[in-house]
Amino acid sequence: MEDEEQLCEAARNGDTDKVRALIESGADVSYFDGHGLSPLMHAAKHGHADAVKCLLEAGAPWNALSPSNLSAGDFAMDSGHQEAFDVLLNAGIQAELILGTIARRSNPSDDTDGDYLEDRITFSEDKLMDSDSKAIMMAWEKPLMEAHAKAVCSGGKHILNIGFGMGLVDNAIQQYAPIKHTIVEAHPEVYGRMLRSGWGEKENVKIIFGRWQDVLPQLKSYDGVFFDTYGEYYEDMREFHQHLPSLLKPGGIYSFFNGLCGVNTLARKGLFGRRSLEGCETQILAIGHILPPCLSVYTGF
Ligand SMILES: C[S@@+](CC[C@H](N)C(=O)[O-])C[C@H]1O[C@@H](n2cnc3c(N)ncnc32)[C@H](O)[C@@H]1O
């Protein structure tokens, strides 16, 4: 048996010593077997967190996808292996933060979502797609968005949402009859669609067209804030978080969603597709892993 096939087998069996020995003797950690699965995917699928760590340390690609578009993170999550999932998630986040920093340093004027904001996008009943046919938003995310809306609307009647997308969260926010519901949206086509579908005429809605980074001076303080953009780096989300103390009223509630590098320009398809987070309860818990403190809902600024 080839070294790489043995590596897949050792990863599957959780035989970390053998995994390490094979790597030291030159086995290729980027190998895909006849089913299109990498050693990392095998280790993840069987919940062998130590083997996952060992393969990641040796440079196994955390964002590779199987023929059915599943990442190692998806395999771990789908099989209920939380420890292996956490190891992969942390590796992905670290890589994202580093890649984002490198991208910014090499091109400080790069606004990361500039390309996306100039792209044509496609709307259909159940999804919003970018020009690479990658999903910006999908209808299955509705229960998740409803849960976020419930959370951010539980603290008061002045609500801010960043990123309209399909309007799922905004429709849910409207159910709570906010006094003022401010929506920031940067994509001209999404904005155009918002206007065509009557959002501009709702009495309690204020639409601010532009990138949140550019329209910050127009924003006030809110009882609830939700953040879910597209085509940005974690760095952007971290930057947004730095504004929360002024964007949130005392006791206000913040929640966010991030597709975990679903559109990162370097990782392209991403470590954990949004599908990893399907199922509302899990989603909220999974979101909480992104940034400490480990909750997606922040209160009491
Ligand atoms: C994933 S969608 C939001 C989906 C939304 N939560 C829903 O429930 O349908 C992301 C949205 O953020 C917008 N967006 C991306 N970058 C942005 C930025 N810097 N400022 C404001 N909006 C942005 C995109 O155009 C897109 O409409």
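Located above this text is the structure these notes cover.
Residues numbered from 1 in each chain as written. Predicted model: local features only at pLDDT ≥ 70, side-chain atom pairs only at ≥ 80, totals over all residues.

### Describing the overall build of the protein
What counts, and what does not: In DSSP terms, a helix is any run of H or I states spanning at least four residues, a strand is any run of E spanning at least two, and both are numbered starting from the N terminus. Three exposure classes are used, all based on how many other C-beta atoms lie within 10 Å of a residue's own C-beta (placed from the backbone): buried at 20 or more, exposed at 12 or fewer, and partly exposed between those limits. C-beta atoms are placed from the backbone for every residue, and two residues are taken to be in contact when these atoms lie within 7 Å.
The helix and strand tally for the protein stands at 14 helices and nine strands. Counting only residues that meet the buried cut, the protein has 43% of its 301 residues in that class. Counting only contacts in the protein whose residues sit at least 6 apart along the sequence, the fraction spanning at least 24 positions is 65%.

### Looking at the site of the ligand
This is how the line gets drawn: For each residue, a C-beta position is placed from the backbone atoms; the residue is near a molecule or strand when that point lies within 6 Å of it. Ten residue types, Ala, Val, Leu, Ile, Met, Phe, Trp, Tyr, Cys and Pro, are classed as nonpolar, four, Asp, Glu, Lys and Arg, as charged, and the remainder, Gly among them, as polar.
Neighbouring residues of the ligand: 25 residues in total, closest Gly163, Gly165, Leu168, Val169 and His187. Listed by contribution, the elements that provide at least two residues to the shell around the ligand are strand 3 (135-138), helix 9 (168-174), strand 5 (180-185) and helix 11 (212-215). Its residues assigned to classes, the shell around the ligand comprises 13 nonpolar, seven polar and five charged.

### Some words on the environment of Glu185
By the element assignment, Glu185 lies in strand 5. Along the primary structure Glu185 and Arg211 are separated by 26 residues, whereas in three dimensions their C-alpha atoms are 6.6 Å apart. Sequence-distant contacts of Glu185, defined by excluding residues within four places in its chain, comprise Gly163, Phe164, Val190, Tyr191, Met194, Ile207 and Phe209.

### A look at the sheet that holds strand 1 (residues 122-123)
Stated formally: Two strands form a pair only when DSSP identifies at least two bridges running between them.
If you walk across this open sheet you meet the three strands as 1-2-3, and the pairing is antiparallel. Only two strands of the sheet have a single partner each, and these edge strands are strand 1 and strand 3.

### Brief notes about the packing of helix 1 (residues 3-13) against helix 2 (residues 16-24)
The following threshold applies: To obtain an axis, a line is fitted to C-alpha atoms, over the contacting stretch when the element is a helix, and the angle between two such axes runs from 0 to 180 degrees between their N-to-C directions. What sets the label is the angle itself: under 35 degrees gives roughly parallel, over 145 gives roughly antiparallel, 65 to 115 gives roughly perpendicular, and the rest give oblique. In this scheme, a crossing is called left-handed if the near helix is turned counterclockwise away from the far one by less than a right angle; it is called right-handed if the turn is clockwise.
Taken N-terminus to C-terminus, the directions of helix 1 and helix 2 make an angle of 155 degrees; their axes are 8 Å apart at the nearest point. It follows that helix 1 is roughly antiparallel to helix 2 by the angle criterion. The handedness of the crossing between helix 1 and helix 2 is left-handed. On helix 2, the residues that touch Asp3, Gln6, Leu7, Ala10 and Ala11 of helix 1 are Lys18, Val19 and Leu22. Across the contact of helix 1 with helix 2, the residue classes break down as five nonpolar, one polar and two charged.

### A word on the environment of Lys18
Looking at where Lys18 falls in the secondary structure, it is placed in helix 2. On the basis of neighbour counts, which here come to 16 C-beta atoms within 10 Å, the residue Lys18 falls in the partly exposed class. Through-space distance from the C-alpha of Lys18 to that of Gln6 is 8.7 Å; in sequence the pair is twelve residues apart.

### What to know about the nonpolar core
Note the following rule: By our criterion, buried Ala, Val, Leu, Ile, Met, Phe, Trp, Tyr and Cys residues that link up through C-beta atoms within 7 Å make up a nonpolar core.
Formed by 37 residues in total, the largest nonpolar core has its most connected members in Ala149, Val152, Val169, Val225 and Phe226. Counting residues per element, the ones that place at least two in this core are strand 3, helix 8 (142-152), strand 4 (158-162), helix 9, strand 5, helix 10 (188-196), strand 7 (222-227) and strand 8 (248-256). Apart from residues no more than four positions distant in its own chain, Ala149 is found in contact with Val169, Ala172, Ile173 and Tyr176. With 34 residues, the next largest nonpolar core counts Leu7, Met41, Ala51 and Leu70 among its residues.

### Here we look at the environment of Arg120
Summarising the element assignment, Arg120 is placed in the loop between helix 7 (114-118) and strand 1. In this structure the C-alpha to C-alpha distance between Arg120 and Pro188, which are 68 residues apart in sequence, comes to 9.4 Å.

### Brief notes about unusual backbone geometry
Phi angles above zero are rare outside glycine, and Asn69 is one such case at about 65 degrees. Counting through the fold element by element, Asn69 comes out in the loop between helix 4 (49-57) and helix 5 (72-78). A tally of 11 C-beta atoms within 10 Å means that Asn69 is categorised as exposed. For Ala177, which is not glycine, the phi dihedral falls at a positive 45 degrees. Relative to the assigned elements, Ala177 resides in the loop between helix 9 and strand 5. The exposure class assigned to Ala177 is exposed, which follows from the 10 C-beta atoms found within 10 Å.

By themselves, these observations are geometric and do not establish any function.
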